[in-house]
Amino acid sequence: MRYEKKVLTLSIALGALLAAWALGTIFSPERIAARSESSTLAKGKAADAASIELSSPGSAAISLAKASGSWTLADGSARLPVQTSRVDNLLDSLYKPGRLRVAARSKAAWADFQLEEGKAKRIVVKDASGKVLADVSAGGYGPTGSEIYLRREGSEVSYAADSAIASYAGYGRTAWLDLAVIGGAVVADVQGVSVRSSIALAGKGKPALSLDW
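These numbers come from a predicted model, not from an experiment.

A. Expanded view of the overall build of the chain. What the chain contains, in helices and strands, is five helices and 13 strands. A burial count over the chain gives 27% of its 213 residues as buried. Sequence separation of at least 24 residues holds for 54% of the intrachain contacts in the chain that already meet a minimum separation of 6.

Following this line, the structure appears as structure tokens:
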């Protein structure tokens, strides 16, 4: 074999080996697992979220809705102001790429992770048209306490993820309410305060006692 043909043959063989090595590296089980662990729990964009439903076993469901850029909590027919920063943090935990480790692929494992229907905490996020952006159930904590078991609605796969998201699904309504009386006003800008109140005295026909000051 001529020298040029030997060089060409060796070059082709080397190229084939390099291609096989590259493909083996890209599609290795370790690389595939690493890519599958980096994921978000919601679709679309956080800015698209218009309503959030939080449910926890044994507690009343919490309904949050956004109108004119502000979030409120439904309390019967009333809408109460909500801490915007807390809602933003919840959405960030759903939309920020995080590591999701597959814990099980069968529904049979849900009981071990406290992910069964009626026992898991649930977070459902929808856009203004009612389209579901996220539907996540949170179950029990992992062995280290730093991770919690999750599953997406419509899938039997269970994941172990950062436990921070559990705090949003497990707290009651008072944790969401914005209890500031004067909202975002700066104390130094307040020039005066007035209070109006009255107490109806006992007895028919007796006038109310005014407590204005």
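B. Local environment of the layout of surface pockets. Roughly 290 Å³ of volume is contained in the largest pocket. In this structure, the largest pocket is lined by 18 residues; those nearest its centre are Asp92, Ser93, Lys96, Gly98 and Asp162. Those elements that provide at least two residues to the lining of the largest pocket are helix 3 (84-95), strand 6 (98-99) and strand 11 (158-162). Of all the elements, helix 3 adds the most residues to the lining of the largest pocket, at four residues. Empty space within the second largest pocket amounts to approximately 180 Å³. Ala60, Ala61, Ile62, Gly172 and Arg173 are the residues nearest the centre of the second largest pocket, which is lined by 15 residues in total. When residues of the lining of the second largest pocket are traced back to their parent elements, those giving at least two are strand 2 (49-55), strand 3 (62-67), strand 4 (70-75) and helix 5 (166-170).

C. Summary view of helix 3. With 12 residues, helix 3 extends 16 Å from end C-alpha to end C-alpha; this agrees with the ideal 16 Å at 1.5 Å per step. What helix 3 keeps buried is the set Arg86, Val87, Leu90, Leu91, Leu94 and Tyr95. Down the axis of helix 3, the buried side of the element spans an arc of 165°, and every buried residue falls inside it.

D. Representation of the pairing of strand 8 (residues 121-127) within the structure. In this structure, strand 2 lies alongside strand 8, joined through six bridges in antiparallel fashion. When the sheet's bridge partners are listed, Leu54 is paired in strand 8 with Ile123. Here strand 8 hands over to strand 9 (residues 132-141) after four residues, with Gly130 in that stretch at a positive phi of 95°.

E. Region of the structure containing the nonpolar core. Within the largest apolar cluster, 33 residues are counted, with the highest numbers of intra-cluster contacts made by Ile52, Leu64, Leu94, Ile123, Val125 and Trp176. Excluding residues that lie within four positions of it along the chain, Leu64 makes contacts with Ala50, Ser51, Ile52, Leu54, Trp71, Thr72, Leu73, Arg79, Val82, Val87 and Trp176. Among the nonpolar cores identified, the runner-up in size contains eight residues, and Ala104, Ala109, Tyr149 and Ala160 belong to it.

F. Broad picture of the pattern of salt bridges. The tally for this structure, following the rule as stated, stands at six salt bridges. Put simply, Arg122 and Asp135 hold a salt bridge, and the shortest N to O gap is 2.7 Å. A residue pair is termed long-range when its members are at least 10 positions apart, and Arg122 in strand 8 and Asp135 in strand 9 qualify at 13 residues. Taking the relative accessible area as the measure of exposure, Asp135 reaches 14% and is therefore buried. One salt bridge connects Arg151 with Glu153, and the closest N-O pair in it is separated by 3.7 Å.

G. View of the environment of Leu150. Mapped onto the fold, Leu150 is located in strand 10 (residues 147-152). Judged by its relative accessible area of 1%, Leu150 falls in the buried class. When the C-alpha atoms of Leu150 and Leu100 are compared, they prove to be 8.8 Å apart, with 50 residues separating the residues in sequence. Other than its neighbours up to four places away in sequence, Leu150 contacts Leu41, Leu115, Val136, Ser137, Ala138, Val157, Ser158, Tyr159, Ala161 and Ile165.

H. Looking closely at the packing of aromatic side chains. Under the defined criterion, the tally for this structure stands at two aromatic pairs. Aromatic pair Phe113 and Tyr149: ring centres 4.1 Å apart, planes at 25°, arrangement stacked. Residue Phe113 is located in helix 4 (residues 110-113), and its partner Tyr149 is located in strand 10; the two are separated by 36 residues in the primary sequence. When sorted by exposure, Phe113 lands in the same class as Tyr149, which is buried. Ring geometry for Tyr168 versus Trp176: centroids 6.4 Å apart, planes at 45°, classification tilted. For the residue pair Tyr168 and Trp176, the accessibility class agrees, reading buried in each case. Its end group placed over the ring of Trp176, Arg86 keeps NZ or CZ at 4.7 Å from the ring centre. The ring centre of Trp110 lies 3.8 Å from the NZ or CZ of Arg151, which sits over that ring.

About the thresholds
Residues numbered from 1 in each chain as written. Predicted model: local features only at pLDDT ≥ 70, side-chain atom pairs only at ≥ 80, totals over all residues. Heavy atoms only, no water. Helix = DSSP H or I, 4+ residues; strand = E, 2+ residues; numbered from the N terminus. Buried < 20%, exposed > 50% of the residue type's maximum accessible area, 1.4 Å probe, protein only. Contact = heavy atoms within 4.5 Å. 1 Å grid on protein atoms, 1.4 Å probe; cavity = no way out; pocket = protein on both sides within 12 Å on 5 of 7 lines; lining within 4 Å. Points joined across faces, edges and corners; volume = space filled by probe spheres on them. Expected span 1.5 Å × (residues − 1). Arc of directions from axis to C-beta. Pairing = 2+ DSSP bridges. Core = buried A, V, L, I, M, F, W, Y, C linked by side-chain atoms within 4.5 Å. Salt bridge = Lys/Arg side-chain N within 4 Å of Asp/Glu carboxyl O. Phe/Tyr/Trp six-rings, centres within 6.5 Å; stacked < 30°, edge-to-face > 60°. Lys NZ or Arg CZ within 6 Å of the ring centre and 35° of its normal.

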